[in-house]
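# Structural features, examined
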Amino acid sequence: IAKRKGKGQYRYFDENVEKDIMKKIIMVNELRKAITRNELYLLYQPVLDIKENKILEVEALLRWKNGELGEVSPVDFIPIAEETGLIREIGYWVIRKACNQVKKWENENINLKVAINISPNQFDDKDFFYNVKNIVTREKVDFSKIKFEITETQILKLEKRNMKRLIELTKMGAVISLDDFGVGYSSLKNLAFFPVSELKIDKSFIDHININKKIEKLISSILFVAYKMGYKVTAEGVERKEQLDKLLEYGCNKIQGYYIGKPMTESDIIEILQRSTII
Ligand code: C2E
Ligand code: MG
Ligand code: MG
Ligand code: MG
């Protein structure tokens with residue numbers, strides 16, 4: 001159908017567009033109720049520390065299982081949560097849940113740090129810092145046990161006062177890591193001004209290991225620069241042994257990806273920790 005929009009201008013609506021809009025409306029309505037209905041849960045993906053040859057940290061990855069929509073990927077619902085502002089409430093839920101899990105592991109003598117993804121929209125709440133502090137304190141977790149991941153693209157867009165809120169977190173002892181590093185349009189110079197101390201090299205680089213020599217050179221150069229600057233580096237999306245071997249050769253600190261383990265439940269994390277050798 002083409003709808004008339006002023007003189008000689010037409011806007012085309014196709015059935016698919018309408019369907020997408022309907023789907024989005026349903027998703028927003030369902031997402032609003034996701035927390036109270038207990039539809040959200042976290043999976044944890046192990047991160048291998050090369051030097052210790054141990055899993056010392058995990059990344060908390062949000063999952064949503066809805067009665068009508070089934071399993072919805074965070075790639076689909078996080079942007080909607082961000083657009084609607086629902087990410088604030090969901091974000092606090094994630095932090096609380098992740099802290100609670102770290103504490104549970106601690107009580108079982110399992111020493112793991114947890115990395116929590118955050119969206120810049122969460123900082124729009126002027127009480128963000130206090131709320132986080134309260135959650136972490138109430139769960140009796142030390143700030144050194146949690147990290148926050150923010151993507152390179154998103155940190156670039158942070159307003160000044162939100163950047164201040166991010167810095168407040170680091171003052172409490174939380175580490176900030178730059179997620180999906182290398183895919184944004186950030187200049188290297190920016191690295192000097194971000195309040196981060198870790199980088200996560202995006203999977204799109206790792207995918208090219210053993211395929212594109214120039215990308216390999218880029219990866220080893222990123223590692224060189226990052227270490228000069230005192231950052232720790234995690235390689236994301238490592239799926240194959242050849243990739244791991246190259247990254248070891250380049251001296252990468254930490255490895256995350258299906259080759260080490262997929263995002264898994266908290267009990268599966270305990271199981272993988274009990275294995276004597278990871279790689
Ligand atoms: P991310 O933070 O970069 O997380 C890494 C994503 O790559 C995860 O997808 C993970 O399952 C996937 N992954 C890890 N290793 C491999 C691998 O070897 N191969 C492949 N093919 N994929 C791998 P997931 O869980 O679907 O999450 C997607 C994105 O959604 C995350 O990217 C993050 O940006 C966002 N996200 C997830 N949970 C949260 C959350 O609690 N809050 C916010 N704000 N964003 C979240
Ligand atoms: Mg992440
Ligand atoms: Mg990432
Ligand atoms: Mg990502």
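This text follows the structure it describes.
Sequence order as written defines residue numbering, which begins from 1 separately in each chain. Chains carry letters from A onward and ligands carry numbers from 1 onward, assigned in written order. For this predicted model, a pLDDT threshold of at least 70 governs which residues receive local features, and a threshold of 80 or more governs which side-chain atom pairs are given and counted, while totals over whole chains, interfaces and linings are taken from all residues. Side-chain calculation: all heavy atoms of the structure are included, whereas hydrogens and water are not.

### Remarks on the packing of helix 2 (residues 74-84) against helix 3 (residues 86-107)
This is how the line gets drawn: All axes here are fitted lines through C-alpha atoms, helices being fitted over the stretch that makes contact, and every angle between N-to-C directions spans 0 to 180 degrees. Numbering goes from the N terminus for both helices and strands, where a helix is a DSSP run of H or I of at least four residues and a strand is a run of E of at least two. Roughly parallel means an angle under 35 degrees; roughly antiparallel means over 145; roughly perpendicular covers 65 to 115; every other angle is labelled oblique. We call two residues in contact when some of their heavy atoms are within 4.5 Å.
For the pair helix 2 and helix 3, interaxial distance at closest approach is 5 Å and the crossing angle is 120 degrees. One finds that helix 2 runs oblique with respect to helix 3. Judged by residue contacts, Ile-78, Ala-81, Glu-82 and Thr-84 of helix 2 engage Leu-86, Ile-87 and Ile-90 from helix 3.

### What to know about the coordination of the magnesium ion (ligand 2)
Angles between donor atoms at a metal ideally measure 109.5 degrees for a four-coordinate tetrahedral arrangement and either 90 or 180 degrees for a six-coordinate octahedral one. Basically, it comes down to this: The donor definition counts N, O and S atoms within 2.8 Å of each metal and applies 3.2 Å to Na, K and Ca; water is not among these atoms, so some sites may look incomplete.
For the magnesium ion (ligand 2), the full set of protein donor atoms is Glu-59 (OE), Asn-117 (OD1), Glu-149 (OE) and Asp-179 (OD), and the range of their distances to it is 2.0 to 2.2 Å. Sequence spacing among the residues donating to the magnesium ion (ligand 2) works out to E-x57-N-x31-E-x29-D.

### Focus: the packing of aromatic side chains
Heads up, the rule is: For Phe, Tyr and Trp, where Trp contributes only its six-membered ring, two rings pair if their centres lie within 6.5 Å, and the inter-plane angle classes them as stacked under 30 degrees, edge-to-face over 60, or tilted in between. Only protein chains enter the calculation, and the probe is 1.4 Å; a residue is then buried if its accessible area is under 20% of its type maximum, exposed if over 50%, and partly exposed in between. Criterion for a charge above a ring: Arg CZ or Lys NZ at most 6 Å from the ring centre, at most 35 degrees from the ring normal.
A complete count under the given rule lists 5 aromatic pairs for this structure. Here the aromatic rings of Tyr-44 and Trp-105 are separated by 5.1 Å at their centres, their planes lie at 75 degrees, and the arrangement is edge-to-face. Taken together, the residues span a long stretch of sequence, with Tyr-44 in strand 3 (residues 40-49) and Trp-105 in helix 3 at a distance of 61 residues. For Tyr-44, a relative accessible area of 0% puts it in the buried group. On the accessibility criterion, Trp-105 (1% relative accessible area) is buried. On the basis of an interplanar angle of 75 degrees and a centroid distance of 4.8 Å, the ring pair of Phe-123 and Phe-128 is categorised as edge-to-face. No difference in accessibility class separates Phe-123 from Phe-128, as the two residues are buried. In textbook terms, an aromatic cluster arises when at least three aromatic residues are bridged by ring pairs, as seen for Tyr-92, Phe-123 and Phe-128. Directly above the aromatic system of Tyr-258 lies the positively charged group of Lys-262, at a separation of 4.7 Å from the ring centroid.

### Side note on the layout of surface pockets
Rule in force here: A 1.4 Å probe that fits but cannot get out identifies a cavity on a 1 Å grid over protein atoms alone, an open set with protein on both sides within 12 Å along at least five of seven lines counts as a pocket, and a residue lines either if it has an atom within 4 Å of a point. Grid points are joined across faces, edges and corners, and a volume is the space filled by probe spheres set on the points. Any residue outside Ala, Val, Leu, Ile, Met, Phe, Trp, Tyr, Cys, Pro, Asp, Glu, Lys and Arg is labelled polar, Gly included; the first ten of those are nonpolar and the last four are charged.
Considered as a void within the structure, the largest pocket measures approximately 980 Å³ in volume. Looking at the lining of the largest pocket, the elements that each hand over two or more residues are strand 4 (54-66), helix 2, helix 3, strand 7 (146-151) and strand 8 (175-181). Grouping the amino acids of the lining of the largest pocket by side-chain chemistry returns 14 nonpolar, 11 polar and 10 charged. Estimated volume of the second largest pocket: approximately 330 Å³. As for the second largest pocket, its lining consists of 16 residues, of which Asp-49, Leu-56, Glu-57, Lys-232 and Lys-254 are closest to the centre. Within the residue set of the lining of the second largest pocket, elements represented by two or more residues are strand 3 and strand 4.

### Describing the packing of helix 3 against helix 4 (residues 128-138)
Put simply, the rule reads: By convention, the crossing between two helices is left-handed when the near helix turns anticlockwise from the far helix through less than a right angle, and right-handed when the turn is clockwise.
It is at 9 Å that the axes of helix 3 and helix 4 come closest, and there the two elements cross at 25 degrees. Regarding the angle of helix 3 to helix 4, the classification is roughly parallel. Crossing of helix 3 against helix 4: the hand is right-handed. The segment helix 3 lies against helix 4, with Tyr-92, Ile-95, Arg-96 and Cys-99 engaging Phe-128, Asn-131, Val-132, Ile-135 and Val-136. When its residues are assigned to classes, the contact of helix 3 with helix 4 shows 7 nonpolar, 1 polar and 1 charged.

### Re the pairing of strand 9 (residues 198-201)
Keep this limit in mind: Pairing between strands is defined by DSSP: at least two bridges between the two strands are required.
Burial along strand 9 is two-sided: Glu-198 and Lys-200 and Leu-199 and Ile-201, pointing in opposite directions, are all buried. Two elements, strand 8 and strand 9, share 3 bridges in a ladder whose sense is parallel. When the sheet's bridge partners are listed, Phe-181 is paired in strand 9 with Ile-201.

### Re the side chain of Glu-30
Applied cut-off: As used in this structure description, the phrase polar contact means that two N or O atoms lie within 3.5 Å; if the pair is within protein, one of them must be able to donate a hydrogen and the other to accept it, and residues adjacent in sequence are counted only when both atoms belong to side chains.
For Glu-30, the location among the structural elements is in helix 1 (residues 15-34). Reaching out from Glu-30, the side chain makes a polar contact with the side chain of Asn-66 at a distance of 2.9 Å. Excluding residues within four positions of it along the chain, Glu-30 makes contact with Arg-37, Glu-39, Trp-64, Asn-66, Glu-68 and Leu-69.

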